[in-house]
Amino acid sequence: MEYMGNKEYWDSKFAVRGDNPLQPEKSLLENITCLKNGSILDIACGDGRNTLFLLENGFQVTGVDFSSKALERLKIFADRKNHSVNTKLIDLSIPNSLNDIGIFDNVLVNHYRLSREQLGSMENHITDNGILFVCGFGQHHKIDSKIRKEDLIQPADFEQLEKSFELIKNIENTDDRGFFVTYIFRKR
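Residues numbered from 1 in each chain as written. Predicted model: local features only at pLDDT ≥ 70, side-chain atom pairs only at ≥ 80, totals over all residues. Heavy atoms only, no water.

Chemist: Pulling in residues and values, what's your account of the overall build of the chain?
Modeler: Secondary structure summary: the chain contains 5 helices and 7 strands in total. When the helices and strands of the chain are read in sequence order from the N terminus, they spell out α-α-β-α-β-α-β-β-α-β-β-β. What you see for the chain is a C-alpha radius of gyration of 15 Å, in line with the 16 Å of a compact globule of 188 residues. Principal-axis analysis of the C-alpha atoms places the extent of the chain at approximately 40 × 40 × 30 Å. For the chain, with 188 residues in total, the buried portion stands at 52%. Contacts spanning at least 24 positions in sequence make up 66% of the contacts within the chain whose residues lie at least 6 apart. (Helix = DSSP H or I, 4+ residues; strand = E, 2+ residues; numbered from the N terminus. Rg over C-alpha atoms; globule rule 2.2 N^0.38 Å. Buried < 20%, exposed > 50% of the residue type's maximum accessible area, 1.4 Å probe, protein only. Contact = heavy atoms within 4.5 Å.)

This is the structure in structure tokens:
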């Protein structure tokens, strides 16, 4: 699934970004206490705005993205603060691309809509009582030239999680960027 631009779009965007990472996602800042201590898989991590925040808060983080430029920037930012981060170059549009990723205490998916198949396989990548934290543009966000309808997180995306996960928080809000949703699940 192509999401808000292809690999070349994101590589060029990260190549010209400033010398500092963006701020972490507001929803993650406000809900970090929901996460289980330990390891986190940061899916579609970009250049690490959330990864860096999580490292600073004592988590062991593996960042996954399809942009080599983004991952290079993440390594630079982490090195500046003497943080150790594991990164993996993975194209999430390829089915089963996360099959061999491993098992984590938490999985963060920020501003990316995983396929139903990838979401359905999350139970294989999260420890018992681990957290699946998904946030991004929601179903009521205005469609434009960069964000398509198929990029928007839908409540129905999570139907297959009901047998293995419990929804512990569902947050919807609107700000100057648009309509956002956060879904926080705990694995049973």
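Text resumes after the structure shown.
Chemist: Break down the pattern of salt bridges for me, citing the residues and quoting the values.
Modeler: Applying the stated criterion across every chain, the model contains 13 salt bridges. Its salt-bridge partner being arginine 49, residue glutamate 25 comes within 2.6 Å of it at the nearest N-O pair. Here the residue glutamate 25 occupies a position in the loop between helix H1 (7–15) and helix H2 (26–31), and arginine 49 occupies one in helix H3 (residues 49–56), the gap between them amounting to 24 residues. Residues glutamate 25 and arginine 49 agree in their burial class; the two are buried. A salt bridge links aspartate 151 to arginine 148; its shortest N-O distance comes to 3.0 Å. (Salt bridge = Lys/Arg side-chain N within 4 Å of Asp/Glu carboxyl O.)

Chemist: Outline H3, supporting the account with residue identities and numerical values.
Modeler: For an α-helix, 3.6 residues make a turn, and residues three or four places apart therefore share a direction. Taking burial as the measure, the 8 residues of H3 include 7 buried ones, the bulk of the element. Regarding H3, the residues found buried are Arg49, Asn50, Thr51, Leu52, Phe53, Leu54 and Leu55. Residues of H3 that are buried in the fold lie against H2, strand E1 (39–43), strand E2 (60–65), helix H4 (68–80) and strand E4 (104–110). Of the residues trailing H3, glycine 58 is marked for its positive phi of about 85 degrees.

Chemist: Give a detailed account of the side chain of threonine 182, specifying residues and quantitative values.
Modeler: Here threonine 182 shows up in strand E7 (residues 178–187). Using a relative accessible area of 4% as the deciding quantity, one classes threonine 182 as buried. Within the structure, the side chain of threonine 182 is placed 2.6 Å from the side chain of serine 27, a separation counted as a polar contact. (Polar contact = N/O pair within 3.5 Å; in protein donor to acceptor, adjacent residues only side chain to side chain.)

Chemist: A description of the sheet that holds E1 should follow, citing residues and the corresponding values.
Modeler: One open sheet accounts for 7 strands, arranged E3-E2-E1-E4-E5-E7-E6; its pairing is mixed. Every interior strand has two partners, whereas the edge strands, strand E3 (86–89) and strand E6 (165–175), have only one. Between one strand axis and the next, the sheet turns through 15 degrees on average, direction left out of account. Across 4 bridges, the pairing between E2 and E3 is parallel. Note on E3: the bridge partner recorded for threonine 62 is asparagine 86. H3 rests against E1, E2 and E4 of the sheet, and its axis sits at about 145 degrees to E4. Along the sheet face, H4 touches E2 and E3 and points at about 170 degrees away from the line of E3. (Pairing = 2+ DSSP bridges. Axes fitted to C-alpha atoms, helices over the stretch in contact; angles between N-to-C directions.)

Worth remembering: the numbers are spatial, not functional.
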